[in-house]
Amino acid sequence: MKVYFVGAGPGDPELLTLKAQRIIGACPVCLYAGSLVPAEVVAGAPEGARVMDTASMTLDETHGEILQARARGEDVARVHSGDPSLYGAIAEQIRRLRADDIAYEIIPGVPAYAAAAAALGQELTVPEVAQSIVLTRVSMKSTSMPEHETLENFARSRATLAIHLGVRNLREIERQLTPYYGADCPVVVAYRVGWPDQMFIRGTLADIHARVRAEKITRTALILVGPVLGEVRDFRDSALYDAQMPHVLRPKVAGAKV
């Protein structure tokens with residue numbers, strides 16, 4: 001048997017990959033994080049499959065279900081939100097699978113920051129404005145951050161930040177980022193991206209806390225920070241499609257730069 005860590009995307013069942021759909025539709029056991037993954041995502045599980053919401057279960061309990069599935073010779077779809085490689089808590093699960101010599105495979109999914117950018121209708125890497133994205137989070141009641149992975153360290157680059165698990169800590173985020181980005185730096189808080197009630201709250205570092213508080217958002221939100229989120233219009237075209245910039249897949253043209 002095999003355990004499949006399936007990336008379910010941010011919430012929209014139509015953002016499942018074809019492979020993810022196939023795996024969910026074939027596994028006799030489906031364990032999904034119901035607090036972050038809609039039931040519609042696992043609705044394609046086989047008739048009679050053991051489908052369990054793991055939101056209230058411990059790591060030992062979910063692993064126990066996997067051990068029972070192995071005893072029955074049944075594959076398991078372990079369905080996570082977004083992409084399992086990012087805050088998927090799969091490393092500790094993989095450690096147990098390896099200890100018990102259980103095969104596994106990871107099926108990537110659409111991460112929340114990509115779905116948010118798509119819903120906002122914009123690119124996150126605009127020439128000469130932003131060419132880097134930092135995916136990070138803040139420490140609250142969750143696992144502490146490594147010593148050098150601080151918002152201030154990331155802010156020095158002025159890259160676009162995608163901050164997870166921090167919507168209840170917006171005051172501290174504002175305090176740490178303002179010296180580097182400025183109080184008027186654009187911020188978008190993306191709430192439950194891909195769900196029917198998704199919401200995007202736009203503001204700046206100076207006022208985003210008040211705007212989010214007015215909407216009573218306290219969880220399941222991604223915070224995007226950076227100049228690229230504003231009304232950026234005065235930027236140069238990239239060299240990718242520039243007729244004057246030949247490359248190996250595009251023949252050299254007369255007068256082209258070399």
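Residues numbered from 1 in each chain as written. Predicted model: local features only at pLDDT ≥ 70, side-chain atom pairs only at ≥ 80, totals over all residues. Heavy atoms only, no water.

Engineer: What is the right way to look at the pattern of salt bridges in this model?
Structural biologist: Here the idea is simple: oppositely charged side chains can pair when their charged atoms come close. On inspection of all chains with the given rule, the structure shows nine salt bridges. In this structure, Arg50 and Glu65 form a salt bridge, with 2.9 Å as the shortest nitrogen-oxygen distance. Of this pair, Arg50 sits in strand E3 (residues 50–53) while Glu65 sits in helix H2 (residues 59–72), placing them 15 residues apart in sequence. Looking at Arg50, the relative accessible area reads 37%, which means it is partly exposed. In this structure, Asp207 and Arg211 form a salt bridge, with 3.2 Å as the shortest nitrogen-oxygen distance. Taken together, the shared-partner salt bridges connect Lys2, Lys19 and Glu105 into one network. (Salt bridge = Lys/Arg side-chain N within 4 Å of Asp/Glu carboxyl O. Helix = DSSP H or I, 4+ residues; strand = E, 2+ residues; numbered from the N terminus. Buried < 20%, exposed > 50% of the residue type's maximum accessible area, 1.4 Å probe, protein only.)

Engineer: What is the right way to look at the nonpolar core in this model?
Structural biologist: One recurring pattern in soluble globular proteins: nonpolar side chains tend to sit buried together. Core analysis: the biggest nonpolar cluster contains 25 residues, and Ile163, Leu177 and Val225 have the highest contact counts within it. Going through the elements one at a time, helix H5 (151–155), strand E7 (160–164), helix H6 (170–181), strand E8 (186–191), helix H7 (208–215) and strand E10 (221–225) are the ones with two or more residues in this core. The element best represented in this core is H6, accounting for four residues. With residues up to four places along the chain from it excluded, the contact list for Ile163 reads Thr136, Arg137, Val138, Leu151, Ile173, Leu177, Ala221, Leu222, Ile223 and Val225. In terms of nonpolar packing, the next biggest core, distinct from the first, is built from 17 residues, Ile23, Tyr32, Val41 and Ala77 among them. (Core = buried A, V, L, I, M, F, W, Y, C linked by side-chain atoms within 4.5 Å. Contact = heavy atoms within 4.5 Å.)

Engineer: When you look at H6 in this model, what are you seeing that I'm missing?
Structural biologist: Three or four residues apart is the spacing at which side chains of an α-helix point the same way, because the helix has 3.6 residues per turn. When we look at burial in H6, the residues that qualify are Leu170, Ile173, Glu174, Gln176, Leu177 and Tyr181. Count one or two residues on from H6 and you reach Gly182, which has phi positive near 90 degrees.

Engineer: Looking at this model, I keep getting lost on unusual backbone geometry. Mind explaining?
Structural biologist: Note on backbone geometry: most residues besides glycine have negative phi, and most peptide bonds are trans. Phi at Tyr87 is positive, roughly 50 degrees, even though this residue is not glycine. When its relative accessible area of 39% is taken as the criterion, Tyr87 is described as partly exposed. A positive phi angle, close to 50 degrees, is found at Thr220, a residue other than glycine. With respect to the secondary-structure elements, Thr220 resides in the loop between H7 and E10.

Engineer: Is there a simple way to think about the layout of surface pockets in this case?
Structural biologist: To find leftover empty space, one rolls a probe the size of a water molecule over the atoms. Counted as a void, the largest pocket has a volume near 1400 Å³. Residue lining of the largest pocket: 43 residues in total, with Ser35, Leu36, Ser81, Tyr87 and Leu165 positioned closest to the centre. Elements with a minimum of two residues in the lining of the largest pocket: H2, strand E4 (76–80), helix H3 (91–99), E8 and E10. Here the residues of the lining of the largest pocket sort into 20 nonpolar, 15 polar and eight charged. (1 Å grid on protein atoms, 1.4 Å probe; cavity = no way out; pocket = protein on both sides within 12 Å on 5 of 7 lines; lining within 4 Å. Points joined across faces, edges and corners; volume = space filled by probe spheres on them. Nonpolar A, V, L, I, M, F, W, Y, C, P; charged D, E, K, R; others polar.)

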